[in-house]
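# A look at the structure
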Amino acid sequence: MELIKVKKGHEGNVAAVLFADEIKALARPVIGLATGSTPVRMYDYLIKRNQSGELDFSKVCSFNLDEYCGLPKVHPQSYYSFMQEHLFKYVNIDQRNVFFPNGNAVSLAEECSQYESMIQEAGGIDIQLLGIGHNGHIGFNEPSDIIAKETHVQVLADSTRTANARFFTSIEEVPTHAITMGIKTILNARKIMLLCCGEGKAEILKQALYGDVTPRVPASLLQLHPQLTVITDQNI
Ligand code: PGA
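Now for a look at the structure at hand. Just so you know, these numbers come straight off a predicted model, no measurement behind them. The numbering scheme is per chain: residues are counted from 1 as the chain's sequence reads. In view of the model being predicted, local features appear only for residues whose pLDDT reaches at least 70, and side-chain atom pairs are presented and counted only at 80 or more, with totals across whole chains, interfaces and linings using the full set of residues. The basis for every side-chain value is the complete set of non-hydrogen atoms in the structure, without hydrogens or water.

### Thoughts on the packing of aromatic side chains
Each aromatic ring pair is characterised by the separation of its centres together with the angle its planes make. Pairing of aromatic rings covers Phe, Tyr and Trp, the last counted by its six-membered ring, and requires centre-to-centre distances within 6.5 Å; plane angles under 30 degrees mean stacked, over 60 mean edge-to-face, and any other angle means tilted. Following the criterion strictly, the structure yields 8 aromatic pairs and no others. Considering the side-chain rings of Phe63 and Tyr115, the 5.7 Å spacing of their centres and the 75 degrees angle between planes classify their relative orientation as edge-to-face. Separated by 52 residues along the polypeptide, Phe63 in strand E3 (residues 61-64) and Tyr115 in helix H4 (residues 108-121) bring together distant segments of the chain. Geometrically, the ring pair formed by Tyr68 and Phe140 is tilted, given 5.7 Å between the ring centres and 40 degrees between the ring planes. Of the two residues, Tyr68 is situated in strand E4 (residues 66-68) and Phe140 in the loop between strand E6 (127-130) and strand E7 (152-155); the sequence distance between them amounts to 72 residues. One aromatic cluster is present, built from ring pairs that chain together Tyr68, Tyr79, Phe140 and Phe168. Lysine NZ or arginine CZ positioned within 6 Å of the ring centre and within 35 degrees of the ring normal marks a charge as sitting over the ring. One cation-aromatic arrangement involves Lys48 over Tyr45; the distance from NZ or CZ to the ring centre is 4.9 Å. Geometry around Tyr80 places Lys73 over its ring, the cationic atom sitting 4.5 Å from the centre. A run of DSSP states H or I qualifies as a helix once it reaches four residues; a run of E qualifies as a strand once it reaches two. Both are numbered from the N-terminal end.

### Side note on the pattern of salt bridges
We define a salt bridge as a contact between a side-chain nitrogen of Lys or Arg and a carboxyl oxygen of Asp or Glu at a distance within 4 Å. Counted according to the given criterion, the structure contains 9 salt bridges. Here Arg49 makes a salt bridge to Glu54, at a shortest N to O gap of 3.7 Å. Three labels apply to residues, based on accessible area from a 1.4 Å probe with only protein chains included: buried if under 20% of the type maximum, exposed if over 50%, partly exposed otherwise in between. Accessibility expressed as a relative area gives 17% for Arg49, which makes it buried. Ionic pairing is found between Glu203 and Lys206, a salt bridge with its closest N-O pair at 3.9 Å. In this pair, Glu203 and Lys206 both sit in helix H7 (residues 202-210), 3 residues apart, roughly one turn of the helix.

### Examining the site of the ligand
Any residue with a heavy atom positioned within 4 Å of a molecule or strand is treated as near that molecule or strand. Near the ligand the following residues occur: Gly36, Ser37, Thr38, Gly131, Ile132, Gly133, His137, Arg166 and Lys201. Any pair of nitrogen or oxygen atoms within 3.5 Å is treated as a polar contact; in protein, a donor-acceptor pairing is required on top of that, and neighbouring residues in sequence qualify only through side-chain atoms on both sides. Between an oxygen atom of the ligand and a main-chain N or O atom of Ser37, the distance comes to 2.9 Å. In the model, an oxygen atom of the ligand is placed 2.7 Å from a nitrogen or oxygen of the Lys201 side chain. The method behind every accessible area is Shrake-Rupley, applied with a 1.4 Å probe, and residues are considered shielded solely by the protein chains displayed. Notes on the ligand: free accessible area 280 Å², of which the protein chains cover 80%. Classification used: nonpolar for Ala, Val, Leu, Ile, Met, Phe, Trp, Tyr, Cys and Pro, charged for Asp, Glu, Lys and Arg, polar for all others including Gly. Partitioned by chemical class, the residues of the shell around the ligand number 1 nonpolar, 6 polar and 2 charged.

Structure representation (structure tokens):
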């Protein structure tokens, strides 16, 4: 693991430089993307680099980690909308190469296995971006006694729904389920970049990186990955 400690507010720039280097090094980069507050500054820098001509997205294929179930694709809080607003509509990515699990599929089980196959058909993910939840979740893999390996439907933890209620008008509106890549899907990425900002996440990050490897702290399973880069503004 490479742990990069940065000053507060600098994680986005540092992450964008590393992420852009990965994209530039590959002829047909397959990237895994994340939503949430954490990656927003990194996306801003990627947009700047794209608009200045330094970074080309035209050959990039992207797979997002997760999507809510039962929320219309164009709902302002869908992860599809989030990615459009924070990255895709400002860069020269081909929208035909942008993939999300469909949380409104008639058969969610079929959708999950199709998403898994699509990632494999694209050649697997070269670099996966991750945030970490206060409860240690990655994607929407919530703490559990078992490891859900592949893309699956996840019941959201109450704490996750409470944390995400800030984006909705009330907690009742926060979906109860989501489709998420599984732990194995994530660990299959050739490289992983975990971003973690703020004092409120220091303790869970410490547990994830140095504590027991357990599905009770899903991010701790990242310890098993040989090419993990962690960027944080915390002194852990
Ligand atoms: P945040 O979410 O970036 O909004 O803190 C991270 C996560 O829950 O994975």
